[in-house]
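# Structural characterization, general
Given next are the chains, with one letter for each unit.
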Amino acid sequence: MVPLAFFASVFLSTARQAVNAGMMVFVVGLMVISLLSNQFLLIELYQYVKPLVSVLSFLPPFHLAKAMSDISSAGSPTDISGLPQESYYFDWEQMTRDRTQKVPSTDSNADSTNAYTTVFLPPTYASLLFLVGDAILYGLLAWYLDGVIRGNHGMPRKLHFPFQLSYWLPTKGKSPPSGQQRSVLQDTDNDQDTSDEDDAPLLTKGYKLGALDAMEVHALRKTFSTGLCSRGNVKVAVDGLSLKVQENQILALLGHNGAGKSTTINMLTGLLKPDQGNAYFYGLTITEDLDAIRNILGVCPQHDVLWGDLTAYEHMQLFGHLKGISRENMATEIQTLLEEVQLNHVADHRVRTYSGGMKRRLSVALSFLGDPSIIFLDEPTTGMDPQIRRDIWNLVLRKKQGRVTVMTTHSMEEADILGDNIAIMAAGTLRVMGTSVNLKNRFAGYNIELVVRHQDRAAIEVLVREKLPGSTKRSDPVEVEGGVLLPYNLPPDRQAEIVPFFTVIERERSLADKIVDYSISQTTLEEVFLNVTVGELFRDQEYQPALLRSHSHTTPLSPLSPEPPHGSKKQLSDLSQ
Ligand SMILES: Nc1ncnc2c1ncn2[C@@H]1O[C@H](COP(=O)(O)OP(=O)(O)OP(=O)(O)O)[C@@H](O)[C@H]1O
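How each quantity is defined
- Residue positions within a chain follow its written sequence, with the count starting from 1.
- Reporting of local features is limited, given that this is a predicted model, to residues whose pLDDT is at least 70; pairs of side-chain atoms are given and counted only at 80 or more, and all residues count toward the totals for whole chains, interfaces and linings.
- Only hydrogens and water are set aside; all other atoms, that is, all heavy atoms of the structure, feed into the side-chain values.
- Near residues are defined by distance, with any heavy atom within 4 Å of the molecule or strand qualifying the residue.
- Any N or O atom pair separated by 3.5 Å or less is treated as a polar contact, with the protein-specific requirement of one donor-capable and one acceptor-capable atom, and with residues adjacent in sequence counted only for side-chain atom pairs.
- Calculation of accessible area relied on Shrake-Rupley with a 1.4 Å probe; when residues are assessed, cover is drawn exclusively from the protein chains displayed.
- The helix and strand labels rest on DSSP assignments: H or I over at least four residues marks a helix, E over at least two residues marks a strand, and numbering proceeds from the N terminus.
- Residue classes follow a fixed rule: Ala, Val, Leu, Ile, Met, Phe, Trp, Tyr, Cys and Pro count as nonpolar, while Asp, Glu, Lys and Arg count as charged, and any other residue, Gly among them, counts as polar.
- Convention adopted: a line fitted to C-alpha atoms gives each axis, helices being fitted over their contacting stretch, and angles between N-to-C directions are expressed from 0 to 180 degrees.
- Oblique is the label for every angle not falling under 35 degrees (roughly parallel), over 145 degrees (roughly antiparallel), or within 65 to 115 degrees (roughly perpendicular).
- Contacts between residues were defined by any pair of non-hydrogen atoms, one from each residue, lying within 4.5 Å.
- Within 6.5 Å between ring centres, the rings of Phe, Tyr and Trp (the latter by its six-membered ring) count as paired, and their orientation is classed by plane angle as stacked under 30 degrees, edge-to-face over 60, tilted in between.
- Remark: exposure states derive from per-residue accessible area (1.4 Å probe, protein chains only) relative to the maximum for the residue type, with buried under 20%, exposed over 50%, and partly exposed in between.
- Among buried residues, those of type Ala, Val, Leu, Ile, Met, Phe, Trp, Tyr and Cys that are joined through side-chain atoms within 4.5 Å constitute a nonpolar core.
- Just so you know, the domain bounds were taken from an automatic or database domain assignment.
- UniProt positions are given in the numbering used here, feature names are shortened, and annotations may be inferred rather than shown by experiment.
- Salt bridges are counted wherever a side-chain nitrogen of Lys or Arg sits within 4 Å of a carboxyl oxygen of Asp or Glu.

Before going further, it helps to spend a moment on the site of the ligand. What surrounds the ligand is a group of 14 residues, the closest being Lys261, Ser262, Thr263, Gln302 and His410. Between Asn257 and the ligand, the recorded distance is 2.9 Å, taken from a side-chain N or O atom to an oxygen atom. When the ligand is considered free in solution it has 640 Å² of accessible area, and contact with the protein chains removes 67% of it. Elements represented by at least two residues in the shell around the ligand include exactly strand 5 (234–246) and helix 10 (261–268). At three residues, the largest contribution of residues to the shell around the ligand is made by helix 10. When grouped by side-chain class, the residues that make up the shell around the ligand number three nonpolar, eight polar and three charged.

Structural data, given as structure tokens:
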């Protein structure tokens, strides 16, 4: 029965499907048992019983129920046909006897001695042998089909995977890319640089393509069918994503809801099969070496996968065993990690008593179990209070050495603090990638705020138009104490205008009276994010291709490149109007 359950699970992807299938099996089984134990039905359906028994031989529940029934009836005063038994005990001879059921014959010409006909049922030992055979058959089928059929979950193996040496002797642990693998990657890079230039994301100067890349993603694509039938609408969740991450670095993946971050992580961790593309971790590919990659992978999924009846310690033990942590190290490692996420004082409490933030901390701790070389954290700090969140940030920063960390977040502060590189996704594509400073320089520029007296507002606005011609109003003026605040944004390529403008303000005594206060600051990552994804928000068809095609990802851009972020300024100004 257990191998049959594993076999059935290959074709079922949700708990609801499993419940429905279980109900169907129960109803069909009940009907069959009614038939075989009801003489009236046996008479009516006699000619169908023999072929039915042959078919049922391949279903373990039939032989299990029959063997149990045989064994229990063998010890009773009457046998299965209701006739008196010669002996009341069960012996091996009974096991080898055909189990027949006598039913009244429906043949009108039958004489009185032939008034009964017998329905053949296999002997008990045959049922037990069938059970063993079924267990082997379904076990093998479940193992093979589970490898090659993954539906939308996981990466299917090749049809001939049992004959692949790599299946039986997987590459263990973290290994640098072999010369051959490495050269394939380089070739792929070169191909992509020349042929796919238009589709390449923008990489800023802070991002270094180099020899230490431990994770490389190439043209990853995933679509989902959204219609009722498979030929319905298709949603492109991730569209040709390519990026690289170096060891010891954290990549923060930003994007609005539905940008494709979780789908990307699910593909990279082998939960979803990519339609196209591949990813390499330390030279291992997700399409070929998923088992080896899983040995060095830690994942904190977006939604906690925890069991309410288990404690935090039991969760850690369970995952520790699955990750193959040795018994000697298990207790120390669990204790250290639980202390680091501040759950040690509730380690023996059932998880159902935890708050959302505590469950999240446990998920983070689970992902670090076994010291994995690649860590994926999908919105790890959701629901945590500010203090705990900072502790988790410290944990992630402390643990970034010797591994690749990829995290998604909606918190710009989190991305700014943790991310060595920040990648911004929109509509399934990577729009920009670089360090926080470079992204700010490249895509946002400067915020200039002037507090002026009401009566001088028009004069100062004229002055700003003359001396800061590249500036735009960031939002409507705001009434403040002593006057009105005029907020401006200056793109990074107009940096040269800043010094002359403030020199004029400092020198002209008349202006000093009109301008009560002023400030200048670099714009925030949030503004970069809005700036980069604003085209997506407004679905401006002209803007997006211009943004994508204006740069090649192989050419590092100057932080203060003369090329403005085309369209983005226009859209921001639209926003403010
Ligand atoms: N199983 C699915 N079937 C159909 N569409 C899906 C499926 N999974 C994801 N999508 C769609 O793919 C797109 C990307 O989803 P994804 O969950 O990757 O976004 P995300 O960036 O992680 O968003 P969030 O920040 O809200 O978690 C969305 O439009 C989503 O509706």
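With that settled, consider the side chain of Asn438. Of note, Asn438 is situated in helix 17 (residues 436–443). In this structure the side chain of Asn438 is engaged in a polar contact, spanning 2.8 Å, whose partner is the side chain of Thr435.

So, on to the packing of helix 14 (residues 356–368) against helix 15 (residues 386–398). Across the interface, helix 14 lies against helix 15 with an axial gap of 12 Å and an inter-helix angle of 5°. Classified by the angle their axes make, helix 14 and helix 15 are roughly parallel. Contacts from Arg361, Val364 and Phe368 in helix 14 reach Ile388, Ile392, Leu395 and Val396 in helix 15. The class makeup of the residues in the contact of helix 14 with helix 15 is six nonpolar, no polar and one charged.

Tallying each qualifying case throughout the model produces eight aromatic pairs. Consider the rings of Phe281 and Phe376, whose centres lie 6.0 Å apart with planes at 85°: the pair is edge-to-face. Of this pair, Phe281 sits in strand 7 (residues 276–281) while Phe376 is found in strand 10 (residues 374–378), placing the two residues 95 residues apart along the sequence. Overall, Phe281 belongs to the buried group, its relative accessible area being 0%. Ring centres 4.9 Å apart and planes at 45° place the aromatic pair Phe502 and Tyr518 in the tilted group. With a gap of 16 residues between them, Phe502 in helix 19 (residues 498–507) and Tyr518 in strand 18 (residues 515–522) connect regions that are remote in the sequence. On the accessibility criterion, Tyr518 (31% relative accessible area) is partly exposed. Following the ring pairs from residue to residue traces out a cluster consisting of Phe7, Phe11 and Tyr138.

Moving on, we get to the nonpolar core. If you look at the biggest cluster of nonpolar residues, it comprises 47 residues, and the most contacted ones within it are Met316 and Leu362. At six residues, the largest contribution of residues to this core is made by helix 14. Composition of this core by domain shows at least three residues from each of domain 2 (183–435) and domain 3 (439–575). Setting aside residues no more than four positions away along its own chain, Met316 makes contact with Ile334, Leu337, Leu338, Leu362, Ala365, Leu366 and Leu369. Within the second largest apolar cluster, 33 residues are counted, among which are Met215, Leu284, Ile293 and Val406.

With numbering aligned to this structure, UniProt lists the feature "transmembrane region" (unreviewed entry) at residues 27–46 and 125–145. In this annotation, residues 125–145 is assigned 100% helix and 0% strand; the end-to-end C-alpha distance for the span is 30 Å.

As a further point, take the side chain of Gln249. With respect to the secondary-structure elements, Gln249 resides in the loop between strand 5 and strand 6 (250–255). A distance of 3.0 Å separates the side chain of Gln249 from the side chain of Asn421, its partner in a polar contact.

Attention shifts here to the pattern of salt bridges. As enumerated under the stated definition, the model contains 17 salt bridges in all. A salt bridge links Asp309 to Arg350, with the shortest nitrogen-to-oxygen separation between them at 3.4 Å. Of the two residues, Asp309 sits in the loop between strand 9 (297–300) and helix 12 (312–322) while Arg350 sits in the loop between helix 13 (327–340) and helix 14, which places them 41 residues apart along the sequence. Across the pair Glu340 and Lys399 runs a salt bridge whose closest N-O atoms are separated by 3.7 Å. With Glu340 in helix 13 and Lys399 in the loop between helix 15 and strand 11 (404–408), the pair connects residues that are 59 residues apart, well separated along the chain.

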